Amino acid sequence: MKITSLDKIKDGQFCQVIKINIDSEIKNRLLDMGIVTNTKIKMIKKAPLGDPIQIYLRGYNLSIRKSIAEKIQVEVIL
Amino acid sequence: MIFALVGNQNCGKTTIFNQITNMNQHIGNFPGVTVDIKIGEVPNLIDCEVVDLPGLYSLNTYTKEEVVTKKYIEQNKPDVLINVIDATNLERNLYLTLQLKQLGIPTVIALNMLDEVEKNNGYINIEKLEKKLDIPIVPITTVTKKEVNNLIQISCKIKEKYNHTKNTNKSDVTEKYKLIEEICKDVCKNNINEKSNNKTYKIDKLLTNKYLGIPIFIIIMYIIFYLTFNVIGDYLSNLINVGIEVVSNFTDNLLIEHNVNEIIHSMIIDGIFIGIGSVVSFLPIIITLYFFLSLLEDSGYMTRIAFIMDKPLSKIGLSGKSAVSILLGFGCSVPAILSTRTIQSERERKLTMKLIPFMSCSAKIPIYAVFVSICFKKYASLVMILLYIIGAVIGILITAYLNRVTKKSKEDTFILELPNYRFPTFKNTCLLMWNKSKEFIEKAFSIIFFSSMIIWFLKSFDENLYLTSIEKSLLAKIGKKITPIFIPLGFTDWRIITSIITGISAKEAVISTLSILTNTNAQLLPIYLSKMLSISSCISFLIFILLYTPCIATISTIKKEFSLRTSIKVAINQFLIAYTISFIVYNLSNLLFNFF
Ligand SMILES: Nc1nc2c(ncn2[C@@H]2O[C@H](COP(=O)(O)OP(=O)(O)OP(=O)(O)O)[C@@H](O)[C@H]2O)c(=O)[nH]1
Ligand SMILES: [Mg+2]
């Protein structure tokens, strides 16, 4: 099992959230959007210029900047 | 009784609101269409009001429009909350439901978009869900009259039956989501959104493609403007022109036949008809542009534009969401400025607002159409598109500069839901076009009407209120006093200056003023104007109009949304920028023309 940050996940791969390492309002927003511990996330793709990213979780698609994704610690699911 | 529609962004609150109240509020397939409170009455029910609120993901508010909703619930204490839920997105929508439950206000759930769940071959056991949540659920498939009537009936009854107590435990986010996962596992069969999701991914393979995404966006925008200016809008405008001419001639004859007082006759024909007529003839072009903008909104492509443009925009201190405001700005600056409420970082929000006046609004189209046809007959639509590009480029350069000189903020970020594509509904598109036409006609008969009357009055009388020739009129005297300021830009005729000033009341007034002052309709106006302006002055005028002070409505919106100081600053800055650039353009083009 590999632990990494969300932005490093390859397109089409799944991962599971471990922790969000941000301490600002942004963290609360991510939690409210359903990015909590153990949430399963699928990496869909990156925007044409590499940032932001599109992820799929809890039945909907969300896009967030890489700078946020870098701070979300995840575990790769094989 | 007050029923408040509360729910996540883009779950269909406004659609339900419109169906209940027979109103026509703006609907679109992107999160954050509604940014303000809208109140409507329930027909056939005395003392019953429905309130449409901006969507919110959580009571832990994050963006400005969410704060609007939270404040409304806290301060106005609605009697019943109608919690609208997007059934294809059950898990995240239920999170807000659990939060709302803790408020202790009687709540009914409107489980919306069940038609899409069905199309995806999904299934939700509504009875079971009702029991688990202990909140009555009204199923809604396509928001029909019958469904909303049922919703209102149940909402009316709920108050008596209600016996929830405030329970503040289980406030932890993780726990809430755990509970929701359990509930969903129990009530949902098959994946409730897989099919439409996969369809969306297929479309996105092209539209947000790594290499093609941005070129496709540019091509789409080009096609929109090309069709608007060259093909559809232009054709329809000519038709309307003929119509106006017929009505005007008919009225003219009628007035002569009945021997109506000469002054009144002149006021009706030379003031009102010419003034309003000159503007109304451009209505089709404006509506065509709105039609295409509404397709961008209703299909869901708008959010993809935000997605692909976030990176380039972040380079100048904006966010992907700014792209949405910018595009709305091509329609009208007022809703565009309001839409910046969805941008969380105050810094990004302010920069976006300052960029919007550079995005040429649809009210300026008549001016461009008239002036471009003076000097660029053959390439008219290309030049019009070029004007939009010039405005955008100057705006971007100035934003880039402002981005450098203002302090970076930690809040700058981008979090945006990407809803699945939907086929734009015929009804929504028609309603939007109808709405915009109505707004336009209302404006023509209020602001344009009054400014036409004032201009007609000032050009017909002298300072002792005697009828006089236009050159001796009060207006000519005032206009000639201001003219020297604009001579460096190549505008030497006082009538041009007057139109610039009336344009601050509403941009359409530029053309109505010029029509009245030259006593010609919009079709013949270019010929007349070509005698007043050299080609260099004409180009300089186009640039000036493109950039100068926004209309009163926009300035007062900036005042409401930001501050008086900011609004005055924007008004003055736009004038100075327009003046400087027009000055440069005028002299450069004069130099060029002398050279060849
Ligand atoms: N298929 C289907 N689409 C719906 C239904 N209700 C609404 N929609 C679509 O959902 C989208 C969002 O509708 P809105 O009414 O603007 O949603 P809202 O909740 O007011 O959104 P915000 O104001 O952004 O929070 C639009 O594209 C509607 O056409 C429904 O019952 N079925
Ligand atoms: Mg809405």
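For the structure, see preceding data.
Residue positions are given per chain, counting from 1 as you read along its sequence in written order. Chain A is the first chain written and ligand 1 is the first ligand written, with later ones labelled in order. Per-residue local features are limited, in this predicted model, to residues with pLDDT of at least 70; the limit for side-chain atom pairs, both in listing and counting, is 80 or more; totals at the level of whole chains, interfaces and linings are taken over all residues. To obtain the side-chain values, all non-hydrogen atoms of the structure were included, while hydrogens and water were left out.

Participant: Go over the coordination of the magnesium ion (ligand 2) with me, naming the residues and quoting the values.
Facilitator: Residues and elements named next belong to chain B. Summarising the metal site, the magnesium ion (ligand 2) is bound by the protein donors Thr 14 (OG1) and Thr 34 (OG1), whose distances to it range over 1.9 to 2.0 Å. Of this pair, Thr 14 sits in helix 1 (residues 13–21) while Thr 34 sits in the loop between helix 1 and strand 2 (38–41); the two residues are 20 residues apart in sequence, bridging distant segments of the chain. Assigned by exposure class, Thr 14 and Thr 34 land together as buried. Counted as donors are N, O and S atoms no farther than 2.8 Å from the metal, or 3.2 Å for Na, K and Ca; water is not among the atoms, and sites may therefore look incomplete. Secondary structure elements are taken from DSSP: a helix is a run of H or I of four residues or more, a strand is a run of E of two residues or more, and numbering for both begins at the N terminus. Note on exposure labels: buried denotes an accessible area under 20% of the residue type's maximum, exposed denotes more than 50%, and partly exposed covers the range between, all computed with a 1.4 Å probe on protein chains only.

Participant: Can you tell me about the site of ligand 1, naming the residues and giving the values?
Facilitator: Residue and element names in this part refer to chain B. For each residue, the test is whether any non-hydrogen atom lies within 4 Å of the molecule or strand; if one does, the residue is near. The environment of ligand 1 is made up of 25 residues, and the closest members are Lys 13, Thr 14, Thr 15, Thr 34 and Thr 141. One nitrogen or oxygen atom from the main chain of Cys 11 is found 3.1 Å from an oxygen atom belonging to ligand 1. Where accessible areas are quoted, they stem from the Shrake-Rupley method and a 1.4 Å probe; at the residue level, only the protein chains shown are allowed to cover. In isolation ligand 1 exposes 660 Å². Once the protein is present, 94% of that is buried. Contributing elements (two or more residues each) for the shell around ligand 1: helix 1 and helix 4 (114–119). At three residues, the largest contribution of residues to the shell around ligand 1 is made by helix 1. In protein, a polar contact means a hydrogen-donor-capable atom and an acceptor-capable atom, both N or O and within 3.5 Å, with residues adjacent in sequence counting only if both atoms are side-chain atoms; elsewhere, any N or O pair within 3.5 Å suffices.

Participant: How would you summarise the packing of aromatic side chains if you had to cite specific residues and measurements?
Facilitator: Each Phe, Tyr or Trp ring, with Trp reduced to its six-membered ring, pairs with another whose centre is within 6.5 Å; inter-plane angles below 30 degrees give stacked pairs, above 60 give edge-to-face pairs, and intermediate values give tilted ones. Across all of its chains, the model carries 22 aromatic pairs over all chains by this definition. Relative to Phe461(B), the ring of Phe457(B) has its centre 4.9 Å away and its plane inclined at 35 degrees; by these criteria the two rings are tilted. Among the residues examined, Phe457(B) registers a relative accessible area of 34% and is labelled partly exposed. Ring pairing ties together the aromatic residues Phe371(B), Phe486(B), Phe491(B), Phe541(B), Phe544(B), Tyr548(B), Phe575(B) and Tyr579(B), which thus form one cluster. For a ring to carry a charge above it, either NZ of a lysine or CZ of an arginine must fall within 6 Å of the ring centroid while also lying within 35 degrees of the normal to the ring plane. Over the face of the ring belonging to Phe14(A) we find Lys40(A), whose NZ or CZ atom lies 5.1 Å from the ring centre. Directly above the ring of Tyr421(B) sits Arg304(B), whose terminal nitrogen or CZ lies 4.3 Å from the centroid.

Participant: Give me the lowdown on the pairing of strand 3 (residues 40–46) of chain A, citing residues and values where you can.
Facilitator: Residue and element names in this part refer to chain A. Both strand 2 (residues 14–20) and strand 3 contribute to a ladder of three bridges, which runs antiparallel. Across the sheet, residue Gln 16 finds its bridge partner in strand 3, namely Lys 40. When DSSP locates at least two bridges between a pair of strands, those strands are taken to pair. Relative to strand 4 (residues 53–57), strand 3 runs antiparallel, the two being bridged by five bridges. In the sheet register, Met 43 faces strand 4, and the bridge partner there is Ile 55. Linking two consecutive strands that pair antiparallel, namely strand 3 and strand 4, is a turn of six residues; a positive phi of about 90 degrees is found at Gly 50 within it.

Participant: So what's going on with the pattern of salt bridges? Residues and values would help.
Facilitator: Residues and elements named next belong to chain B. Each reported salt bridge corresponds to a side-chain nitrogen of Lys or Arg within 4 Å of a carboxyl oxygen of Asp or Glu. Evaluation of the coordinates by the stated rule reveals 21 salt bridges over all chains. Among the ionic pairs, Arg 422 bridges to Glu 116, the shortest N-O distance being 2.8 Å. Of the two residues, Arg 422 sits in the loop between strand 9 (415–417) and helix 18 (426–460) while Glu 116 sits in helix 4, which places them 306 residues apart along the sequence. On the basis of relative accessible area, Arg 422 is assigned to the partly exposed category, the value being 26%. The residue Asp 412 makes a salt bridge to Arg 347 at a minimum N-O spacing of 3.3 Å. Here the residue Asp 412 occupies a position in the loop between helix 17 (380–405) and strand 9, and Arg 347 occupies one in helix 15 (residues 346–355), the gap between them amounting to 65 residues. When salt bridges with common partners are traced through the structure, they connect Asp 36, Lys 64, Arg 341, Glu 346, Arg 349 and Glu 561 into a single cluster.

Participant: Just give me the short version of the environment of Leu59(B), but keep the residues and values in it.
Facilitator: Residues and elements named next belong to chain B. Checked against the element boundaries, Leu 59 lands in the loop between strand 3 (49–52) and helix 2 (64–76). Residues Leu 59 and Leu 96, 37 residues apart in the sequence, show an inter-C-alpha distance of 7.3 Å. Contacts are assigned to residue pairs with any non-hydrogen atoms lying within 4.5 Å of each other. Setting aside residues up to four positions removed in sequence, Leu 59 forms contacts with Lys 70, Leu 96, Gln 99, Leu 100 and Leu 103.

Participant: Go over unusual backbone geometry with me, naming the residues and quoting the values.
Facilitator: Between Asp51(A) and the following residue, Pro52(A), the backbone shows a cis peptide bond with an omega angle of -5 degrees. One can find Pro52(A) in the loop between strand 3 and strand 4. With phi around 70 degrees, Asn44(B) is a residue other than glycine that occupies positive phi space. Tracing the sequence through the fold places Asn44(B) in the loop between strand 2 and strand 3. Using a relative accessible area of 81% as the deciding quantity, one classes Asn44(B) as exposed. If you check the backbone angles, Asp134(B) has positive phi at about 60 degrees while not being a glycine. Summarising the element assignment, Asp134(B) is placed in the loop between helix 5 (126–133) and strand 7 (137–139).

Participant: Quick rundown of helix 12 (residues 301–314) of chain B? Include the residues and the values.
Facilitator: All names here are of chain B. The end-to-end C-alpha separation of helix 12 is 20 Å, in line with the 20 Å expected for 14 residues at 1.5 Å each. Bend is the name given here to the angle between axes fitted to two runs of seven residues, the run ending at a residue and the run starting at it. If you look at helix 12, its biggest bend is around 40 degrees, right at Ile 308, and the proline Pro 312 turns up within four residues after that. Burial of helix 12 is extensive: eleven of the 14 residues sit out of reach of the surface. Here helix 12 has its buried residues at Tyr 301, Met 302, Thr 303, Arg 304, Ile 305, Ala 306, Phe 307, Ile 308, Met 309, Asp 310 and Leu 313. Between the first and last residue of a helix there are one fewer steps than residues, each counted as 1.5 Å, and that sum is the expected span.

Participant: Any chance you could break down the environment of Phe225(B) for me, citing the residues and the numbers?
Facilitator: Residues and elements named next belong to chain B. Relative to the elements of secondary structure, Phe 225 occurs in helix 9 (residues 213–257). Using a relative accessible area of 7% as the deciding quantity, one classes Phe 225 as buried. As for Phe 225 and Tyr 388, which are separated by 163 residues in sequence, their C-alpha atoms are 9.5 Å apart. Apart from the residues within four sequence positions on either side, Phe 225 is in contact with Leu 289, Phe 330, Ile 385 and Tyr 388.

Participant: With reference to specific residues and values, describe the sheet that holds strand 2 of chain B.
Facilitator: Residues and elements named next belong to chain B. If you trace the six strands from one edge of the open sheet to the other, you get 2-3-1-4-5-7, paired in mixed fashion. Pairing within the sheet leaves two strands with one partner each, and these edge strands are strand 2 and strand 7. Neighbour-to-neighbour, the strand axes of the sheet open up by a mean angle of 25 degrees, direction not taken into account. Bridge count between strand 1 (residues 2–7) and strand 3: four bridges; the pairing is parallel. Bridging across to strand 3, Phe 3 finds its partner in Val 50. Whenever a helix is involved, its axis is fitted only over the stretch in contact; in every case the axis is a line through C-alpha atoms, and angles between N-to-C directions fall within 0 to 180 degrees. Across the face of the sheet, helix 5 comes into contact with strand 5 (107–112) and strand 7 while running at roughly 155 degrees to strand 7.

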